[in-house]
There are 2 protein chains.
Amino acid sequence: MTLARLSLNQWTTRRWSLREAVDGCVRHGVAAIGLWREHVAEHGLAAAAKLVTDAGLRVSSLCRGGFLTGPGLGLKDNRAAIDEAAALNAACLVLVVGGLPGVAPGGAPGPGFSRDLPGARARVAEALALLAPYAAERGVRLALEPLHPVYCADRAVLSTLGQALDLAEHFPAEQVGVVVDTFHVWWDPEVLTQIARAAGRIASYQVSDFLVPLPADPLLGRGMMGDGVIDFGPLTAAVDAADYHGDIEVEIFNADVWAADPDEVLATMKRRFAAAAR
Amino acid sequence: MTLARLSLNQWTTRRWSLREAVDGCVRHGVAAIGLWREHVAEHGLAAAAKLVTDAGLRVSSLCRGGFLTGPGLGLKDNRAAIDEAAALNAACLVLVVGGLPGVAPGGAPGPGFSRDLPGARARVAEALALLAPYAAERGVRLALEPLHPVYCADRAVLSTLGQALDLAEHFPAEQVGVVVDTFHVWWDPEVLTQIARAAGRIASYQVSDFLVPLPADPLLGRGMMGDGVIDFGPLTAAVDAADYHGDIEVEIFNADVWAADPDEVLATMKRRFAAAAR
């Protein structure tokens, strides 16, 4: 993978403030950044947009909207996220669609819990139909992210790329795209077929490795490319063949990575990124 | 779900010896048992067959063969498992096909590790072509079990029911069937379609719930029906509609269940089983 397309997803160095992350990208010659709303809010939206623009960085994504399966479909918060993505000139707004109603991320079933998985999936479609026009008016591309099935109950009832495409195809490709995240899709027997089907609709390509065994909190089971079991070459080749030539984000949720010196993390990230697709 | 079809998968009460498990089934009016090779070996194969027959129990499955992705394709051990299934008159031999080469169940990548997932899947097909005739000659039905994608690297590169059917369909349905295990397939957006497609080819239906959050070892994330997030009704109805009228095994890997008094486990199992499909 060519370093010119490398983007630092901000959660990889989550203890850095927005300013520190932007400075880090500039210092390490990383030309793009995937922003998180929490960090942007802390810095202030307008100031964040200026900071990133002045540094000459591309914004490969804004993370994240979604959580559409609860009461109210999360419409208010997602409209705000769309406005932020527009202000930041982000290439897309990533949507993590949410799990079963009444299950908080990482939590146990609570008030409002429902086992109705098809119902939760229908709510996502319903919310998307309401949000896509709002996003389109503001020039924001929504990016549906299928998550590994281990997160189906608590984070995303969208579990495969095929399922994401079934939803996205109701809308023009420039309005609703999909995220291909290696950690989430590597196991899928259909992944190469579905990446090909996604041609023109890939809004974001994210890379991180799948660690084996997973740590106690499966959310933190991502590693640097090469530390896990994923064969990146065929996936990256398929994404290339599907006409995605945008930035490639490295997004790593990992306690050791978060504890390390972020400058070392960026150096490792660059080295592993360059080696991953060989 | 009707109690007449309830089968105790032996791993649910794994600290019981074979004799204790058989006695437990009889005491609680459970008419079928899913045997594990470890327990059978401990008791002796011929004696185990006699014990179960004398008790009037049906053997709903023998667990398990598989682990076909390493060198030698596991052929020798699987032929032995087939012989055992024949001796026990088991309705099927469950195959957990194995993960990536060089990754032990629950372990980290070790000697012989390969990231070649399509290659590992091809080995499963190759092994199956060699084992199916051997099993057919002995009247043993092989049952391919897709496992939850969280186990793709270390236990089964067979991750969806659709993928299992793609493999099974090269053989007559009475030779190679599939296992539908609610824990493994509940999240799959295609699950109802694929269960319908599996008509005539379902060799085993296993039920347990998916706990949220998962415990530190995801292998132990199974719970009694009702303790997790699975809506059993639609799955059981689909399995019924697909003409599976055999035994329904309760197979639970769970530290608390294993620590409890097995007689209480059986009482709870019967109660929850009866309630699960309402």
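The coordinates are above.
Residues numbered from 1 in each chain as written. Chains lettered and ligands numbered in written order. Predicted model: local features only at pLDDT ≥ 70, side-chain atom pairs only at ≥ 80, totals over all residues. Heavy atoms only, no water.

Enquirer: Is there a simple way to explain the sheet that holds strand S3 (residues 58–66) of chain A in this structure?
Expert: What links the strands of a sheet is backbone hydrogen bonding, and the strands pair in either a parallel or an antiparallel sense. Residue and element names in this part refer to chain A. One closed barrel accounts for 8 strands, arranged S1-S2-S3-S4-S5-S6-S7-S10; its pairing is parallel. Averaged over neighbouring strand pairs, the angle between their axes works out to 30° when direction is ignored. Sheet topology note: the strand S1 (residues 6–9)/strand S2 (residues 32–36) ladder contains 3 bridges and is parallel. Paired with Leu8 across the two strands is Ile33, which belongs to S2. Sitting on the sheet, helix H5 (residues 117–137) is in contact with strand S4 (93–96), strand S5 (142–144) and strand S6 (176–181), with an inclination near 145° to S5. Each of S1, strand S7 (202–207) and strand S10 (248–250) is contacted by helix H11 (residues 262–276), which is oriented at about 140° to S1, the strand it contacts most. (Pairing = 2+ DSSP bridges. Helix = DSSP H or I, 4+ residues; strand = E, 2+ residues; numbered from the N terminus. Axes fitted to C-alpha atoms, helices over the stretch in contact; angles between N-to-C directions. Contact = heavy atoms within 4.5 Å.)

Enquirer: Help me out: how do you make sense of the pattern of salt bridges in this one?
Expert: Between side chains of opposite charge, pairing is possible as soon as their charged atoms come close. Scanning the entire structure with this criterion turns up 28 salt bridges over all chains. For Asp166 of chain A, the salt bridge goes to Arg197 of chain A, with nearest N and O atoms at 2.7 Å. Here Asp166 of chain A, found in helix H6 (residues 161–168), pairs with Arg197 of chain A, found in helix H8 (residues 191–197); they are 31 residues apart in sequence, far enough to count as distant. In this structure Asp166 of chain A comes out as partly exposed when scored by relative accessible area, which is 41%. Here Arg138 of chain B and Asp83 of chain B are joined by a salt bridge, their closest N and O atoms 3.3 Å apart. Remark: Asp83 of chain B occurs in helix H4 (residues 75–88) and Arg138 of chain B occurs in the loop between helix H5 (117–137) and strand S5 (142–144); sequence separation between them is 55 residues. Take Asp83 of chain B: its relative accessible area is 34%, and that puts it in the partly exposed class. Sharing partners across several salt bridges, the network here consists of Arg37, Asp77 and Glu84 of chain A. (Salt bridge = Lys/Arg side-chain N within 4 Å of Asp/Glu carboxyl O. Buried < 20%, exposed > 50% of the residue type's maximum accessible area, 1.4 Å probe, protein only.)

Enquirer: Any chance you could explain the side chain of Glu145 of chain A here in plain terms?
Expert: Residues and elements named next belong to chain A. With respect to the secondary-structure elements, Glu145 resides in the loop between S5 and H6. For Glu145, which is buried and forms no salt bridge, the nearest opposite charge comes from Arg222, at a distance of 5.0 Å. Those residues in contact with Glu145 that lie beyond four places of it in its chain are Val94, Leu95, Val96, Leu158, Val179, Asp181, His184 and Gln206. (Lys, Arg positive; Asp, Glu negative; His and termini not counted.)

Enquirer: What's the story with the relation of the copies chain A and chain B in this structure? I'm lost.
Expert: Look at the two chain copies: a rotation about an axis and a shift along it is all it takes to match them. The two copies are related by a screw operation: chain A maps onto chain B through 180° of rotation and 0.0 Å of translation along the axis, at an RMSD of 0.0 Å. Expressed as a symmetry operation, the mapping of one chain copy onto the other fits a two-fold axis. In terms of C-alpha distance to the rotation axis, chain A has Ala216 of chain A as its closest residue, with the C-alpha 2.0 Å off the axis. Take the interface residues of chain A: 100% of them recur as interface residues in chain B, which is what a same-surface contact looks like. (Least-squares fit on C-alpha atoms with pLDDT ≥ 70 in both.)

Enquirer: Help me understand the sheet that holds strand S7 (residues 202–207) of chain B, please; the structure alone is not making it clear to me.
Expert: All names here are of chain B. What the 8 strands build is a closed barrel, ordered S1-S2-S3-S4-S5-S6-S7-S10; its pairing is parallel. Sheet twist, expressed as the mean angle between neighbouring strand axes with direction ignored, is 30°. With 3 bridges connecting them, S5 and strand S6 (residues 176–181) associate as parallel partners. In the sheet register, Leu144 faces S6, and the bridge partner there is Val178.

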